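Here are the chains, one letter per residue:
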Amino acid sequence: QVQLVESGGGLVQPGGSLRLSCETSGIIFSDNNMAWYRQAPGKQRELVASITRGHMIYYADSVKGRFTISRDNTKNTVYLQANSLKPEDTAVYYCYANRYNIDYWGKGTLVTVSS
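Describing the environment of alanine 97
Among the structural elements, alanine 97 can be located in strand 9 (residues 91-99). Remark: the alpha-carbon pair of alanine 97 and asparagine 32, spanning 65 residues in sequence, is separated by 6.0 Å. When near neighbours in sequence (up to four residues on either side) are disregarded, alanine 97 contacts Leu4, Ile27, Asn32, Asn33, Met34, Ile102, Asp103 and Tyr104.

This is how it looks when you write it as structure tokens:
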């Protein structure tokens, strides 16, 4: 059974930081491309950052310079370090795994940036 379990979300003040984690099981983690998506209320889900199995990294322009994606293949876990958070970063953050044409999603973790 494949599981992607996000953690680390919560309420943070503007300018603050959070570290999101996505622990996976049931997949060959090192063979998967991994990503973080987010969906704000009333908006479409969008790609935040991705890291391929070869460690190539992509960031959306809106988070470039503030967020850092990383992966630990020994722990089957992908991380998203989010710094200098803004109210517009408020969203449910989803973990995503892809290998060839097979996709898996986590259930999401809520990040709220508010004073």
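There is more to say after this.
Quick look at the nonpolar core
What tends to happen in soluble globular proteins is that the nonpolar side chains get buried as a cluster. Counting residues in hydrophobic clusters, the biggest one holds 28 residues, and the most contacted among them are Trp36, Val48, Phe67, Ile69, Val78, Leu80 and Tyr93. If you list the elements that add at least two residues to this core, you get strand 3 (18-25), strand 4 (33-39), strand 5 (46-51), strand 7 (67-72), strand 8 (77-82), strand 9 and strand 11 (109-113). The leading source of residues in this core is strand 9, at 4 residues.

Some points on the state of the cysteines
Counted by the stated rule, this structure contains 1 disulfide. Covalently, cysteine 22 is tied to cysteine 95 through a disulfide, its sulfur atoms 2.1 Å apart. For the disulfide bridge between cysteine 22 and cysteine 95, the dihedral angle about the S-S bond is near -80°, and by the sign convention the bridge is left-handed. Residue cysteine 22 is found in strand 3, and its partner cysteine 95 is found in strand 9; the two are separated by 73 residues along the sequence. This pair shows no difference in class: cysteine 22 is buried, exactly as cysteine 95 is.

Criteria and thresholds
- The numbering scheme is per chain: residues are counted from 1 as the chain's sequence reads.
- Where local features are concerned, this predicted model is filtered to residues with pLDDT of at least 70; where side-chain atom pairs are given and counted, the filter is 80 or more; whole-chain, interface and lining totals use all residues.
- Side-chain metrics in this entry use all non-hydrogen atoms of the structure; hydrogen atoms and water are not considered.
- Segments assigned H or I by DSSP are reported as helices when at least four residues long, segments assigned E as strands when at least two residues long, and all are numbered from the N terminus.
- Any two residues whose heavy atoms approach within 4.5 Å at even a single point are treated as in contact.
- By nonpolar core we mean a set of buried residues, namely Ala, Val, Leu, Ile, Met, Phe, Trp, Tyr and Cys, connected to one another through side-chain atoms within 4.5 Å.
- The classification of residues rests on relative accessible area computed with a 1.4 Å probe and restricted to protein chains. Under 20% of the type maximum is buried, over 50% is exposed, and intermediate values are partly exposed.
- Cysteine sulfur atoms are paired as a disulfide whenever they fall within 2.5 Å.

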